[in-house]
Amino acid sequence: MTFLWTLIAIATPVAAAQPHIKAVLVSETASPAPGQSVTLAIRMTPEPGWHGYWLNPGDAGLPMEVNWALPKGVAADPLRYPVPKTLLVSGLMNHVFKGEYALLTRMSIPLSARVGESLPIRATASWLACTDKICVPEEGDLALDLVVGDGSVSANNQKQFDIWRAALPR
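Bear in mind the structure is a predicted one, so any value in this text is a computation, not a measurement.

Engineer: Sorry, what's going on with the overall build of the protein chain here?
Structural biologist: When helices and strands are tallied, the protein chain shows 2 helices and 10 strands. Each helix and strand of the protein chain, ordered N terminal to C terminal, gives the series α-β-β-β-β-β-β-β-β-β-β-α. For the protein chain, the C-alpha radius of gyration of 17 Å lies close to 15 Å, the compact-globule estimate for 170 residues. A principal-axis box enclosing the C-alpha atoms of the protein chain has dimensions of 55 × 30 × 25 Å. The proportion of buried residues among the 170 residues of the protein chain is 41%.

Structure below.
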């Protein structure tokens with residue numbers, strides 16, 4: 001995998017200070033309950049003309065890699081990707097996302113967590129941003145601070161996460 005990233009970095013221009021695909025970590029609830037789980041999303045927003053890749057990228061590309069730094073007792077499930085679009089470039093079939101998309105994960109909160117306790121969620125992510133002509137490896141630090149509470153979810157968050165869940169493969 002490192003070899004592939006090295007080849008991509010050598011073969012493409014140096015990434016600009018601003019990523020071509022912006023990544024933001026969001027939570028369905030800001031106050032997860034002890035012993036429960038909370039759904040988090042990595043919301044990806046590509047610039048027009050740019051795309052990201054599915055878990056199985058196809059003939060070219062790379063999926064996102066995430067290294068979590070979580071509080072003691074908190075565990076993250078594997079990322080769940082929405083259904084991708086297909087993109088054929090120079091005879092290579094790719095599975096991509098154009099436009100905003102979200103990768104979901106469930107985090108389990110330990111039963112020992114206490115109401116009011118801070119849960120700093122941190123991650124370092126890397127992904128490949130491409131157009132039909134070039135690819136640029138990108139990365140970002142993701143951060144979200146949750147506070148153990150009652151697990152309540154606002155109507156707006158519920159609606160947004162339901163939309164993202166509906167985009168997952170059946």
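Engineer: I would appreciate a short explanation of the pattern of salt bridges in the present structure.
Structural biologist: Pairing between side chains of opposite charge can happen when their charged atoms approach one another. In total, this model carries 3 salt bridges according to the counting rule given. Notably, a salt bridge pairs Arg-165 with Glu-28, separated by 2.7 Å at the nearest N-O pair. Taken together, the positions of Arg-165 in helix H2 (residues 155–166) and Glu-28 in the loop between strand S1 (21–27) and strand S2 (37–46) put the pair 137 residues apart, joining distant regions of the chain. The closest approach of N and O atoms between Arg-122 and Asp-145, which form a salt bridge, is 2.9 Å. With Arg-122 in strand S9 (residues 118–130) and Asp-145 in strand S10 (residues 135–147), the pair connects residues that are 23 residues apart, well separated along the chain. Owing to a relative accessible area of 49%, Asp-145 belongs among the partly exposed residues under this scheme.

Engineer: Sorry if this is basic, but what is going on with the sheet that holds strand S8 (residues 101–108) here?
Structural biologist: Through backbone hydrogen bonds, the strands of a sheet pair up, either in parallel or in antiparallel fashion. In spatial order, the strands read S1-S2-S8-S5; together these 4 strands make up an open sheet with antiparallel pairing. Bordering the open sheet on either side are S1 and strand S5 (75–76), each of which pairs with just one other strand. Sheet topology note: the S2/S8 ladder contains 8 bridges and is antiparallel. When the bridges of S8 are listed, Ala-41 appears paired with Leu-104. Those strands touched by H2 are S1, S2 and S8, and its axis lies near 70 degrees from that of S2.

Engineer: Teacher, can you tell me more about the confidence of the model for the protein chain here?
Structural biologist: Looking at the protein chain as a whole, the pLDDT averages 89, with 90% of positions reaching at least 70. Counting contacts from residues 1–16, a segment whose pLDDT is below 50, to residues more than four positions away or on other chains yields 20 contacts.

Engineer: Please clarify how the pairing of S8 should be interpreted in this entry.
Structural biologist: Along any regular strand the residues' side chains alternate between the sheet's two faces. The element S8 is largely enclosed, with a buried count of 6 among its 8 residues. As paired elements, S5 and S8 share 2 bridges and run antiparallel to each other. Opposite Ala-76, over in S8, you have Met-107 as the bridge partner.

Here is what the cut-offs are and how they apply
- Residues numbered from 1 in each chain as written.
- Predicted model: local features only at pLDDT ≥ 70, side-chain atom pairs only at ≥ 80, totals over all residues.
- Heavy atoms only, no water.
- Helix = DSSP H or I, 4+ residues; strand = E, 2+ residues; numbered from the N terminus.
- Rg over C-alpha atoms; globule rule 2.2 N^0.38 Å.
- Buried < 20%, exposed > 50% of the residue type's maximum accessible area, 1.4 Å probe, protein only.
- Salt bridge = Lys/Arg side-chain N within 4 Å of Asp/Glu carboxyl O.
- Pairing = 2+ DSSP bridges.
- Contact = heavy atoms within 4.5 Å.
- Axes fitted to C-alpha atoms, helices over the stretch in contact; angles between N-to-C directions.
- pLDDT = per-residue confidence, 0-100.

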